[in-house]
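Spelled out, the chains give:
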Amino acid sequence: MSPGSWSPKMTAQGVLWILLAFLVWSKPGTASLPLVMDSVIQVLAELEQKAPVTEVSLTASARLLSAQDSGTSNPLHHFLLETPSHKAAELDAHPLSPELRGLMKIVAQHEIRGGQEHGVVLAPDGSTVAVKPLLAGLEAGLQGRRVVNLPLDSPATPWDAEANPPGRRDASPEGTSADAGAASSDTEATLPNDKAKSPTTVDRLLAVTLAADLGLTFLQPPQTQSHPGLGTEGCWDQLSDPQIFTLLDPKASMLTVAFLNGALDGALLGDYLSRIPEPRPPLSHLLSQYYGAGVAGDPGFRSNFRRQNGAALTSASTLAQQVWGTLVLLQRLKPAHTQLQNVSQEQLAQVATYAAKEFTEAFLGCPAIHPRCRWEAAPYRGRPKPLQLPLRFLYVHHTYVPALPCTTFTGCSANMRSMQRFHQDTRGWDDIGYSFVVGSDGYVYEGRGWHWVGAHTLGHNSRGFGVAFVGNYTATLPTEAALRMVREVLPSCASRAGLLRPDYKLLGHRQLVATDCPGDALFGLLRTWPHFTETEN
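Source: prediction; values computed, not measured. (Residues numbered from 1 in each chain as written. Predicted model: local features only at pLDDT ≥ 70, side-chain atom pairs only at ≥ 80, totals over all residues. Heavy atoms only, no water.)

**Let's talk about the overall build of the protein chain**
- For the protein chain, the count of helices and strands is 16 helices and 14 strands.
- Burial statistics for the protein chain: of 537 residues in total, 55% are counted as buried.
- Nonlocal contacts in the protein chain, meaning residues at least 24 apart in sequence, comprise 78% of its contacts between residues at least 6 apart.
- If you sum the accessible surface of the protein chain, you get close to 21,800 Å²; carbon and sulfur atoms cover 53% of it. (Helix = DSSP H or I, 4+ residues; strand = E, 2+ residues; numbered from the N terminus. Buried < 20%, exposed > 50% of the residue type's maximum accessible area, 1.4 Å probe, protein only. Contact = heavy atoms within 4.5 Å. Areas by Shrake-Rupley, 256 points an atom, 1.4 Å probe, with all protein chains shown as cover.)

**Here we look at the nonpolar core**
- Counting residues in hydrophobic clusters, the biggest one holds 90 residues, and the most contacted among them are Met 37, Leu 80, Leu 214, Leu 269 and Phe 359.
- Looking at this core element by element, the count peaks at 11 residues for helix H9 (residues 257-275).
- Once residues within four sequence positions are removed from consideration, Phe 359 is found in contact with Leu 210, Leu 214, Leu 230, Leu 260, Leu 264, Leu 319 and Leu 364.
- One finds Leu 394, Val 467, Leu 483 and Trp 529 within the second-largest nonpolar core, a separate group that totals 29 residues. (Core = buried A, V, L, I, M, F, W, Y, C linked by side-chain atoms within 4.5 Å.)

**Observations concerning the environment of Cys 517**
- Along the polypeptide, Cys 517 turns up in the loop between strand E14 (500-508) and helix H16 (520-526).
- Once the C-alpha coordinates of Cys 517 and Ala 468 are considered, the two residues, 49 residues apart in sequence, prove to be 9.7 Å apart.

**Quick word on the confidence of the model for the protein chain**
- On average, residues of the protein chain carry a pLDDT of 83, and 77% of them reach 70 or more.
- Per-residue pLDDT stays below 50 along residues 84-93; that stretch engages in 20 contacts with residues further than four places along the chain or on separate chains.
- Confidence drops under a pLDDT of 50 for residues 223-228, and excluding neighbours within four residues, the segment shows 12 contacts in the predicted structure. (pLDDT = per-residue confidence, 0-100.)

**Examining the pairing of strand E13 (residues 464-469)**
- Within E13, six of the six residues are buried, which leaves it mostly tucked inside the rest of the structure.
- Note: strand E10 (residues 391-398) against E13, six bridges, orientation parallel. Each bridged residue has a counterpart across the sheet, and for His 398 the counterpart in E13 is Phe 469.
- By the bridge criterion, three bridges tie strand E11 (residues 436-438) to E13 in an arrangement that is parallel. What sits directly across from Phe 436, in E13, is Val 467. (Pairing = 2+ DSSP bridges.)

**Focus: the packing of aromatic side chains**
- Summed over all chains, the structure comprises 11 aromatic pairs.
- Taking the centre distance of 5.6 Å and the plane angle of 65° together, the rings of Tyr 272 and Phe 301 count as edge-to-face. Within this pair, whereas Tyr 272 is found in helix H9, its partner Phe 301 is found in the loop between helix H10 (283-290) and helix H11 (306-313), the two being separated by 29 residues in sequence. Phe 301 carries the same exposure label as Tyr 272, and that label is buried.
- Between Phe 469 and Tyr 473 the ring centres are 6.4 Å apart and the planes differ by 80°, which places this aromatic pair in the edge-to-face class.
- Phe 469 gets classed as buried once you look at its relative accessible area, which sits at 1%.
- Exposure remark for Tyr 473: the relative accessible area of 2% places this residue in the buried category. (Phe/Tyr/Trp six-rings, centres within 6.5 Å; stacked < 30°, edge-to-face > 60°.)

**Brief notes about helix H2 (residues 37-50)**
- Taking 1.5 Å of rise per residue, 14 residues should cover 20 Å, and H2 covers 20 Å from first to last C-alpha, within 8% of that figure.
- All of the buried residues along H2 are Met 37, Ser 39, Val 40, Ile 41, Val 43, Leu 44, Glu 46, Leu 47 and Glu 48. (Expected span 1.5 Å × (residues − 1).)

**Let's talk about the packing of helix H8 (residues 204-219) against helix H13 (residues 345-364)**
- It is the contact of H8 with H13, at a shortest axis distance of 9 Å, that shows an interaxial angle of 110°. As summarised for this structure, H8 and H13 are arranged roughly perpendicular, according to the angle between their axes. Between H8 and H13 lies a crossing of right-handed hand. Where H8 abuts H13, its residues Leu 210, Leu 214, Gly 215, Phe 218 and Leu 219 lie against Val 351, Tyr 354, Ala 355, Glu 358 and Phe 359. (Axes fitted to C-alpha atoms, helices over the stretch in contact; angles between N-to-C directions. Parallel < 35°, antiparallel > 145°, perpendicular 65-115°, else oblique. Left-handed = near helix turned anticlockwise from the far one by under 90°.)

Right, dumping it as structure tokens:
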């Protein structure tokens, strides 16, 4: 390939193949850089600066997709992500600094060992993101969000036609792509059932980010009555220089919050890349925007709002079809996936339906809640008293002080620590009083949480959850995103989980205690909400 034939698209893909090759070939190393998203962006920036598409980058992609090591190869990626037809060679020549190479070895594979999650980094918004599904989504987006035909019933070997890569051979015509919100198959996007036809296509983007892992995880026997550990959070050893991420539930499945965050980010950014015209922005620039102020200046298109945007990207019915189709594909690829042997189409359809429903309702339909360790809460003083769940009431507050809304993770975390110090040291309480606090950054912050009696509504603390908006809402209102969190998302999720009664009643703090809280403007709005009640009885 001559330098004159390079293009921005090919440059981005070459950079991604180098990174994706680490996911196959690198062994775990020791981190010298903090495990933060800015470090990953630094890797991308260095590769984009020093390694535009060269024989090395093409070799990296070939090595990734032709890897024969059964312990690390990914047949799905081999089949769906296009393989450049070049011979494999060593990767040592690519120009990453030793520190950045060490970082990529750390985040090379997503896995859970000994209650710790590996392959994840801390993002500026306070969320933790798995790198592998993020990169896979970016690559799928660069190739175009095309519908890919499934192989015939006979087992397929996806790397047996070097001159005609299967991702392109079976793709829909060049220039076409699956609509972001539409079904990605040739049948109507309805939930699979006994009469549904077996899928014949998959959407490459959804398959490599979400569908495969959702389907395979839900094929396993559930660890709980509701789902197999969907959406488990964790704590970093430190936020200033994060190195170790320990899960709050040591029995968590691979579908942790961090993994789902990375998969969602990969799907959202991949969809974006597939739709914008060339020249596309450098990937380092795109990620800086997405994990910063917003892509192309849109504050709504950033990591803080990935769940809301994910709900707009795909519906439960569309995702169910994609999970089913991806499981069918995995069943037909070689080497055959052990979990899928002797599993009927009816069983695959049922798994797909359940997995998609759980993901859309229990993850996309729930708020992103930063756990106490994320905002560096001080220890609880004394012994917490458990709540008798489900509760019947939701009490709404404003913090008054701080008076201004918090719009960043750094600001909201500092506010949480300040309120906790005031409640513990000045008020003499055991902990911050609120059950939850809602910022204007797209996140909810855990106070006392779902299970412990708070100190938010005197005389009523054991009967309901106390939820506070950061800010003074005497004359103004919180953002619509923050309002929706308390009006719809938080109570709906709590009701589904059996924490809050479906017929719960909502009251303002002033209705039960002599106070102006939650402010005249906010209280006036609360009175128009469906679950508002004038009296507690």
